[in-house]
Amino acid sequence: RCLLARLDREGVRVIVHARNRGLAAARNSGFAAATTDYVVNLDADDLWTPDFCENMAGKLDADPKLGFVTCALRAFGGAAYDWTPLAPEPVTIYVRGGPHSSTMMRRSLWQAVGEIDGSLRGYEMTDFWLRALARGFRGTTLDSSLLRYRIRNRSYYTRELDCYGDFMAAITARHRDLLVPHTARIIIEREQFRRE
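All values derive from a computational prediction rather than experimental measurement.

J.: Even after reading the chapter, I still don't get the packing of aromatic side chains, so can you show me in this structure?
T.: Each aromatic ring pair is specified by the distance between its two centres and by the angle formed by the two planes. If you walk through the whole model with that rule in mind, you get four aromatic pairs. On the basis of an interplanar angle of 0° and a centroid distance of 4.4 Å, the ring pair of Trp 48 and Phe 52 is categorised as stacked. Given a relative accessible area of 27%, Trp 48 falls into the partly exposed group. Residue classification places Phe 52 among the buried residues on the basis of a relative accessible area of 0%. Considering the side-chain rings of Phe 128 and Trp 129, the 5.1 Å spacing of their centres and the 80° angle between planes classify their relative orientation as edge-to-face. Trp 129 carries the same exposure label as Phe 128, and that label is buried. Linked through ring pairs, Phe 68, Phe 128 and Trp 129 together constitute an aromatic cluster.

J.: What should I look at first to understand the environment of Gly 122 in this one?
T.: Position of Gly 122 relative to the elements: it lies in the loop between α5 (107-113) and α6 (124-134). For the pair Gly 122 and Phe 167, spaced 45 residues apart in the sequence, the C-alpha separation amounts to 6.3 Å.

J.: It is not clear to me how the pairing of strand β6 (residues 139-151) should be interpreted in this structure. Could you clarify?
T.: If a strand is regular, its side chains alternate between the two faces of the sheet. Sheet topology places strand β2 (residues 47-48) next to β6; two bridges connect them, and they run antiparallel. For Trp 48, the partnering residue across the bridge sits in β6 and is Leu 147. Where strand β3 (residues 68-77) meets β6, 10 bridges bridge the pair, whose relative direction is parallel. The partner of Thr 70 across the bridge, within β6, is Thr 141.

J.: Teacher, can you tell me more about the nonpolar core here?
T.: Soluble globular proteins tend to bury their nonpolar side chains together. The biggest cluster of nonpolar side chains holds 28 residues, and the ones touching the most others in it are Tyr 94, Met 105, Leu 109, Ile 116, Phe 128, Trp 129 and Ile 171. Breaking this core down by element, the ones donating at least two residues are α2 (23-33), α4 (90-96), α5, α6, α8 (164-174) and α9 (176-179). Sort the elements by how many residues they give to this core and α6 lands first, with six residues. In this view, Ile 171 contacts Tyr 94, Leu 120, Tyr 123, Thr 126, Asp 127 and Leu 130; residues no more than four positions away in its chain are not counted. Core analysis: the next-biggest nonpolar cluster, separate from the first, contains 16 residues, Tyr 38, Met 104, Leu 147 and Tyr 149 among them.

How each quantity is defined
- Residues numbered from 1 in each chain as written.
- Predicted model: local features only at pLDDT ≥ 70, side-chain atom pairs only at ≥ 80, totals over all residues.
- Heavy atoms only, no water.
- Phe/Tyr/Trp six-rings, centres within 6.5 Å; stacked < 30°, edge-to-face > 60°.
- Buried < 20%, exposed > 50% of the residue type's maximum accessible area, 1.4 Å probe, protein only.
- Helix = DSSP H or I, 4+ residues; strand = E, 2+ residues; numbered from the N terminus.
- Pairing = 2+ DSSP bridges.
- Core = buried A, V, L, I, M, F, W, Y, C linked by side-chain atoms within 4.5 Å.
- Contact = heavy atoms within 4.5 Å.

Next comes the structure, spelled out in structure tokens:
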């Protein structure tokens, strides 16, 4: 509570809700309150490198046609690995995931696509990014590891993996028109991903 009060005194707008309404609601509240051209999420247990914002915003500044930019990440805590999301297009997002939660986007993209759907209770961002692509937005991936992603046992992400099949059935039903033209490639990519 003291930290939040200090941030408020320093001019940081603090949004506090009395009860936890979930990941999607928290992100939507922050994005709705923002007055900047770009918005980005930082989960409480993750870290940005000092040059994160400069590099991510710089890429959006340089190309007005880009709707969002993601980056490589370095995992720490319960596991150590580097991961670079593949090019953000329907098949890679559907099969392999990404862009991650600290992807910077134009606030106008979030406004056009609509809120992150909290009714899914898992893989909300997969749904969000597929909706963005369906509306014609495009993004890119920076190879630099600008995000430090903490791995914890029983994190939100690991709980999502436990229910992967149920969540992906909901994603498939919602995005059938976007995904059906890529059915053969999806099957091949899934098998390759499973082997990896």
